[in-house]
Amino acid sequence: MIAFQNVSKYYEHQGVLKNITFSIQKGEMAFLTGPSGAGKSTLLKLMYLAEWPDEGDIVIGDFHLQSLKPPQIPHLRRNIGVVFQDFKLINNLTVFDNIAMALRIKGVSEKEIKNLVSEALKKVHLRHLSDSYPRSLSGGEQQRVVIARAIVTGPLVLLADEPTGNLDPNTSIDIIKLFEEINLQGTTILIATHNRELFRNTRRRVLKLDGGNLIGEEIG
Amino acid sequence: MTLAYSFKSAFQSLCREKWINILSMFTVASSLLIITLTAFFLYNVELVASHLPDRFSLVAYLNDNISQEEVQGIVDTLKKRDDIAGLKYISKDDAIKELKQTLKDARYILEGLNENPLSSSIEIRLKRDFVTSASAKRISEEIKKVSGIDDVYYGEKVAEAIHLLKKSLQNMSIIIFITISTGVVFVAYSTVKILFYRRKEEIEIIKLLGATKGFIRMPFLIEGGTIGFFGGILGIIGALLFYFAITYRLSIVIPLLKTLVFPLEILILLPVTGISLGIVGSVIALGRLKL
Ligand SMILES: Nc1ncnc2c1ncn2[C@@H]1O[C@H](COP(=O)(O)OP(=O)(O)OP(=O)(O)O)[C@@H](O)[C@H]1O
Ligand SMILES: [Mg+2]
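Quick notes on the rules
- Residues numbered from 1 in each chain as written.
- Chains lettered and ligands numbered in written order.
- Predicted model: local features only at pLDDT ≥ 70, side-chain atom pairs only at ≥ 80, totals over all residues.
- Heavy atoms only, no water.
- Helix = DSSP H or I, 4+ residues; strand = E, 2+ residues; numbered from the N terminus.
- Rg over C-alpha atoms; globule rule 2.2 N^0.38 Å.
- Contact = heavy atoms within 4.5 Å.
- Areas by Shrake-Rupley, 256 points an atom, 1.4 Å probe, with all protein chains shown as cover.
- Buried area = accessible area lost by both parts, 1.4 Å probe.
- Salt bridge = Lys/Arg side-chain N within 4 Å of Asp/Glu carboxyl O.
- Polar contact = N/O pair within 3.5 Å; in protein donor to acceptor, adjacent residues only side chain to side chain.
- Nonpolar A, V, L, I, M, F, W, Y, C, P; charged D, E, K, R; others polar.
- Patch = residues over 30% accessible without salt bridge, like charges linked within 9 Å, V, L, I, M, F, W, Y side chains within 5 Å.
- Buried < 20%, exposed > 50% of the residue type's maximum accessible area, 1.4 Å probe, protein only.
- Core = buried A, V, L, I, M, F, W, Y, C linked by side-chain atoms within 4.5 Å.
- Phe/Tyr/Trp six-rings, centres within 6.5 Å; stacked < 30°, edge-to-face > 60°.
- Donors = N, O, S within 2.8 Å, 3.2 Å for Na, K, Ca; no water.
- Near = heavy atom within 4 Å.
- Pairing = 2+ DSSP bridges.
- Axes fitted to C-alpha atoms, helices over the stretch in contact; angles between N-to-C directions.

Colleague: Even after reading the chapter, I still don't get the overall build of chain A, so can you show me in this structure?
Modeller: The number of helices and strands found in chain A is 6 helices and 10 strands. Its C-alpha radius of gyration of 17 Å places chain A within 12% of the 17 Å reference for a compact globule of 220 residues. For chain A, the C-alpha atoms occupy an extent of roughly 45 × 40 × 35 Å along the three principal directions. Across chain A, the fraction of contacts at a sequence separation of at least 24, relative to all contacts at a separation of at least 6, is 65%. Accessible surface, chain A: about 9900 Å² in total, of which carbon and sulfur atoms supply 46%.

Colleague: Looking at this structure, how should I read the interface of chain A and chain B?
Modeller: By a widespread convention, an interface's size corresponds to the accessible area lost as its parts come together. Across the boundary between the two partners, chain A contributes 21 residues, which contact 16 residues of chain B. When the buried surface of chain A facing chain B is broken down by residue, Arg77(A), Arg104(A) and Ile105(A) rank first, second and third, together holding 31% of it. At the boundary of chain A with chain B, the tally comes to 0 salt bridges. Where chain A packs against chain B, one counts 2 residue pairs in polar contact (both at pLDDT 80 or more). Counting residues per element, the side of chain A that touches chain B draws most heavily on helix α2 (residues 73-78) of chain A, which supplies 4 residues. Classifying every residue of the side of chain A that touches chain B by side-chain character gives 12 nonpolar, 3 polar and 6 charged.

Colleague: Just checking my understanding: could you explain a nonpolar patch on the surface for this structure?
Modeller: Residues and elements named next belong to chain B. Together, Phe-229, Phe-230, Ile-275, Ile-279 and Val-283 give the surface a local cluster of nonpolar side chains, amounting to about 370 Å² of exposed area. Residue assignment for the nonpolar patch shows that the elements contributing at least two residues are α8 (213-253) and α9 (269-286). A per-element tally of the nonpolar patch places α9 first, with 3 residues. The residue Phe-229 is located in helix α8 in this model.

Colleague: How should helix α3 (residues 95-104) of chain A be read in this particular structure?
Modeller: One turn of an α-helix holds 3.6 residues; hence residues three or four places apart share an orientation. Buried residues dominate α3(A), accounting for 10 of its 10 residues. Along its buried surface, α3(A) packs onto α4 (110-123) and α5 (139-151) of chain A together with α1 (2-16), α7 (200-208) and α8 of chain B.

Colleague: How do you make sense of the nonpolar core when you look at a structure like this?
Modeller: Among soluble globular proteins, nonpolar side chains are generally buried collectively. All names here are of chain A. One finds Phe-4, Leu-43, Leu-44, Met-47, Ile-60, Met-101 and Leu-190 to be the most contacted residues of the largest nonpolar core, which totals 53 residues. The contact partners of Ile-60, leaving out residues within four places of it in the chain, are Met-1, Ile-2, Met-47, Leu-65, Leu-76, Ile-80 and Val-157. One finds Ile-99, Ala-102, Ala-120 and Ile-182 within the second-largest nonpolar core, a separate group that totals 40 residues.

Colleague: Looking at this model, I keep getting lost on the packing of aromatic side chains. Mind explaining?
Modeller: Describing an aromatic ring pair means giving the distance of the ring centres and the angle of the ring planes. Residue and element names in this part refer to chain B. Going through the model one piece at a time under the given rule, you end up with 15 aromatic pairs over all chains. On the numbers, 4.4 Å between centres and 35° between planes, the contact of Phe-40 with Phe-262 is tilted. Taken together, the positions of Phe-40 in helix α2 (residues 18-55) and Phe-262 in the loop between α8 and α9 put the pair 222 residues apart, joining distant regions of the chain. As far as burial versus exposure is concerned, Phe-40 and Phe-262 are alike and both buried. Judged by centre distance (6.4 Å) and plane angle (50°), the ring pair of Phe-242 and Phe-262 falls under tilted. Separated by 20 residues along the polypeptide, Phe-242 in helix α8 and Phe-262 in the loop between α8 and α9 bring together distant segments of the chain.

Colleague: Please explain the pattern of salt bridges as it appears in this structure.
Modeller: Two side chains with opposite charge may pair up if their charged atoms get near one another. Scanning all chains against the criterion turns up 19 salt bridges over all chains. Of the charged contacts in the structure, one is a salt bridge between Arg104(A) and Asp97(A), with a shortest N-O distance of 3.0 Å. Each member of the pair, Arg104(A) as well as Asp97(A), carries the same accessibility label: buried. The shortest N-O distance in the salt bridge between Glu142(B) and Arg138(B) comes to 3.3 Å. With Glu142(B) and Arg138(B) both in helix α5 (residues 133-144) and 4 residues apart, this pair spans about one turn of that helix. Classification of Glu142(B) as partly exposed rests on a relative accessible area of 31%. Through salt bridges with shared partners, one network takes in Arg81(B), Asp83(B), Arg138(B) and Glu142(B).

Colleague: Looking at this structure, I do not really get the coordination of the magnesium ion (ligand 2). What am I missing?
Modeller: Geometrically, a metal with four donors at the corners of a regular tetrahedron has ideal angles of 109.5 degrees, and one with six donors at the corners of a regular octahedron has ideal angles of 90 or 180 degrees. Residues and elements named next belong to chain A. Ser-41 (OG) and Gln-85 (OE1) make up the full set of protein donors to the magnesium ion (ligand 2), lying at 1.8 to 2.2 Å. Placement of Ser-41 in helix α1 (residues 40-47) and of Gln-85 in the loop between β6 (80-83) and α3 is noted, with a sequence separation of 44 residues between them. Residue classification places Ser-41 among the buried positions, given a relative accessible area of 17%.

Colleague: I would appreciate a short explanation of the site of ligand 1 in the present structure.
Modeller: All names here are of chain A. Inspection of the region around ligand 1 gives Tyr-11, Val-16, Pro-35, Ser-36, Gly-37, Ala-38, Gly-39, Lys-40, Ser-41, Thr-42, Gln-85 and His-194 as its neighbouring residues. Taking Gly-37, its main chain carries an N or O atom lying 2.8 Å from an oxygen atom of ligand 1. In terms of residues, the shell around ligand 1 owes the most to one element, α1, which gives 3 residues. For the shell around ligand 1, the residue count by class is 4 nonpolar, 7 polar and 1 charged.

Colleague: Honestly, the sheet that holds strand β8 (residues 188-192) of chain A in this entry has me stumped. Any pointers?
Modeller: Whenever strands of a sheet pair, they do so through backbone hydrogen bonds, lying parallel or antiparallel. Residue and element names in this part refer to chain A. Reading across the sheet, the 6 strands line up as β6-β7-β8-β3-β9-β10 and stay open at both edges, with mixed pairing between neighbours. Bordering the open sheet on either side are β6 and β10 (213-219), each of which pairs with just one other strand. Direction aside, neighbouring strands of the sheet carry axes that sit 20° apart on average. Here 4 bridges tie β6 to strand β7 (residues 157-161), and the two strands are oriented parallel to one another. When the bridges of β7 are listed, Val-82 appears paired with Leu-159.

The following block contains the structure:
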């Protein structure tokens, strides 16, 4: 489902990702870990083309990013749910409308949007905050809104960048359980985190990144 | 489905940024009003000018001792020409009668004369297309060659002036129209640019969620069009106020204004023009989006 082949990314001639090669199977749930500044976020950004790789090829499902035509970019992104590290919530829209945005972009009917959004809100335990605005929510609540927005479309691939960075240990475990559930329904998931607690005892693959190099993998 | 959302989003934004939008609408309105008044002015000048050629004529003076048959011959010759709309024969006697009537109280001027000094003449009305200085001159020279015609008089200056006035007014109107239209486009451009930058962050986010360029653009095009539309509506209101002021107020003081014709139908064009120019401005403002 996800395949990196000798992918490199430079910022101002500084290699941030160096010759990365790995693949993740369809329906797999894996982790990506490494210290701050290792390049985890950058690696994820290359997949939804917030950044473009400088070298190498990336394949996501049927999308070959190297030869992707610009009109295809929205289609790629609609198939990838992203839990952004910096949330990227729209402040002048309610929680409901933030989550609904992912569906409106796809042209889903308003009636269906209502059902799907309230379902997603239920999964992250935020139904009571549907009409609130992001600024009035705690960091953990905002993070769960972002998660709801990422899963509401039922994406092929879910990329979560530090999805529990603002959550207490108990809520974090809840979120990982939620990801497990979504994974059971067939969604391929990659979770970037430097919190080793998250993948301990999950028996999942963990890719280890350091200084832009993939230095190996382990089983959590 | 998406379109409905685009409209909703556009109107929410219009309300959120109401002062910018109201200001732009009024700017568009006054611009469109200027265009309308220019068109209205031009229309009236054209109207007056188009009636002038009817009154404008050549006068062919006939030889002194001409016979009735010869006059008939000349009339027949002239009637064959395709640049002449109509003829009127004025005999010596008619001419002196008319002169006396014109002079009225001053007719004693003619008292010393025991012979009619005037020539008989034929008044020639040209077809509208030939009322230009050049063709009037050419026609008069051709007519002069007809035997029995002594001389031809034509109002060279008048023909030229009418022609020039029309031409320069047309040119002026075109310049005004282009300038003001560009202004309207610019107003829409800068408004949409401002709205776009205010929502830059939001746009960057929805791009990452998979929004197409069309989805991103649509609300802004709708906003630009709406500003143009309401600018047009306000323009209509302004033009109507102008119209009522002219017909019911000013024309009482200045009766000449009563003869002005105001084609109200053209007001329909204002919202249409507003929408088009608004959308053009928005398209330019959005430029080439990068996903
Ligand atoms: N737009 C950019 N321009 C220049 N350098 C950048 C840019 N984005 C990231 N970097 C650099 O690339 C490196 C990797 O950044 P990245 O955000 O991928 O790290 P990370 O592993 O996600 O770290 P964290 O755990 O703190 O989120 C860092 O050294 C960062 O300074
Ligand atoms: Mg990061």
